[in-house]
Amino acid sequence: MKRRDFLRLAAGSGVAAFESFPGAADLAKIRITRVSGFRHTGPRPKLVGKNSHLDVHGSETRDSVLRIETDQGIEGIGSGNVTPYLAWQLLGHALAEYWNPAQGIVSPLGRADHALYDLVAKALGVPAWKLLGGAGPEWVPVYDGGIYFNDLLPEYQHRGVARLLEEVEDSLKTGHRAFKVKVGRGFKWMERAAGLRRDVEVVRAIRKLVGRDVRLMVDSNNAFDLDSARAWLDAVGEELFFIEEMFPEEVAADLRLKDFLKSKGWKTLVADGESARDVDHFDPYIASGSIDVLQPDIRAFGLTRQWELSRRAAARRGIWLAPHNWGSRLGLHMQLVLARGIPNFLMAEEDRSTSDLFDTSAFTFKEGKMRVPDTPGCSLVLREEVFKKS
């Protein structure tokens, strides 16, 4: 574990109005006295290589972490990165000012709301997922999103696809039963025809290894257009669970892609939206049903906006949320809070890494699913002794 303080502010005083709601009296008595933050890195079990657009992704995940302390000794911890000026605006204010049962956490921190959900839920003595409705399952499907182009790394080029099969086998041993495989080698790193062939070979080889009971998804990071996406899928001949970012999202093109999938007799879902930065972006895709799986970034959106998107998506049957999560360990746990809160969460994405700073023993992972605990807050415990030594 590595960390570096990036902000540390202590409170003077402050008073503001709040709405009346169950628990408001308790939250009104608790005031924020300190906001601090640090960077946290966690080692991955392997070096993660290229995708269709970006070079090697590295051997660790990186999180910005917020700690929000109160005059009652209750502390909230979560993913988030804010300026000292925004953090300063919280000091001296009561928690009741930031919790709206109909909307969620709304504060000067904006999308960096994970720690405030943890704090408010602890203050109310409930799991954070109950603040989001408590309508999701106790056990949440989780997939390994880390099958990148490691066959192209210099140290593994002689092994080719066999190297990726080793990585999948290792992840199977940890309990994973779903994998997202990066494709699109021909966009930048290989000659196009050769890249397409390798992409097909990889998916077929992984399917042969894992069998039919394991879910496979692919993500091209917009390496294809509509025609090349259909040609590649036809060559694979595989009913994948979902296909992500085959080309930049656009309603008409996505509907044509869905027509193609239907013509093949496949139930493959179309997933997209990780580059979106606001809920309104998804409105035309929900209205048209052109995207089945909405994927706003879990950290860039925050939990309140994800909850709002869930409510909008619920207006049309068959649309799911599966937030994008990459380069983050805490992002997985943000997803799990959301997943047990809302009724239309599909799967959580894991970027595998480890941490000596956070105790996550309350979470149980087996057979591809994570149990989301009932403990108050977000159930992440910061090991103070480790923090002080770092």
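Residues numbered from 1 in each chain as written. Predicted model: local features only at pLDDT ≥ 70, side-chain atom pairs only at ≥ 80, totals over all residues. Heavy atoms only, no water.

**As for the packing of aromatic side chains**
Counted under the stated rule, the structure contains nine aromatic pairs. Aromatic pair W99 and Y117: ring centres 6.4 Å apart, planes at 75 degrees, arrangement edge-to-face. Taken together, the residues W99 in strand β5 (residues 99–100) and Y117 in helix α3 (residues 114–124) connect sequence positions 18 residues apart. Considered together, W99 and Y117 belong to a single accessibility category, that of buried residues. Taken together, the aromatic side chains of Y143, F241 and F242 make up a single cluster linked through ring pairs. A cation sits over an aromatic face here: R215 above F241, 3.9 Å from the ring centre. Sitting above the plane of the W307 ring, R311 keeps its charged end 4.3 Å from the centroid. (Phe/Tyr/Trp six-rings, centres within 6.5 Å; stacked < 30°, edge-to-face > 60°. Helix = DSSP H or I, 4+ residues; strand = E, 2+ residues; numbered from the N terminus. Buried < 20%, exposed > 50% of the residue type's maximum accessible area, 1.4 Å probe, protein only. Lys NZ or Arg CZ within 6 Å of the ring centre and 35° of its normal.)

**Some words on the pairing of strand β3 (residues 58–70)**
Bridge analysis of strand β2 (residues 32–48) against β3 gives 12 bridges, and the strand direction is antiparallel. The residue bridging R34 from the neighbouring strand is E69, located in β3. Both β3 and strand β4 (residues 75–79) contribute to a ladder of five bridges, which runs antiparallel. Looking at the pairing, V65 lines up with S79 of β4. (Pairing = 2+ DSSP bridges.)

**Considerations on the packing of helix α6 (residues 192–210) against helix α7 (residues 226–236)**
Interaxial distance between α6 and α7 falls to 9 Å at its minimum, and their mutual angle equals 45 degrees. Taken together, the axis directions place α6 and α7 in an arrangement best described as oblique. Helix-helix and strand crossings are classified by hand; for α6 and α7 the assignment is right-handed. Judged by residue contacts, L196, D199, V200, V203 and R204 of α6 engage W232, A235 and V236 from α7. (Axes fitted to C-alpha atoms, helices over the stretch in contact; angles between N-to-C directions. Parallel < 35°, antiparallel > 145°, perpendicular 65-115°, else oblique. Left-handed = near helix turned anticlockwise from the far one by under 90°. Contact = heavy atoms within 4.5 Å.)

**Side note on the pattern of salt bridges**
Evaluation of the coordinates by the stated rule reveals 35 salt bridges. The salt bridge involving E138 is made with R371; its shortest N-O contact spans 2.6 Å. With E138 in the loop between α4 (128–131) and β7 (139–147) and R371 in strand β17 (residues 369–371), the pair connects residues that are 233 residues apart, well separated along the chain. You can call E138 partly exposed: its relative accessible area is 32%. Bridged by salt links that share partners, the residues K46, R159, R163, E166 and E167 form one connected network. (Salt bridge = Lys/Arg side-chain N within 4 Å of Asp/Glu carboxyl O.)

**As for the side chain of T360**
By the secondary structure assignment, T360 is in the loop between β15 (358–359) and β16 (364–366). With a relative accessible area of 17%, T360 lands in the buried category. Look past the residues within four positions of T360 in its chain and what remains in contact with it is R329, H333 and L380.

**Considering the pairing of strand β8 (residues 178–182)**
Burial runs high along β8: five of the five residues are buried. Side chains A178, K180 and K182 project from β8 onto one buried face, and the interleaved F179 and V181 project onto a second face that is buried too. Direction of pairing for β7 relative to β8: parallel, over a ladder of two bridges. Following the sheet pairing, D144 is matched in β8 by F179.

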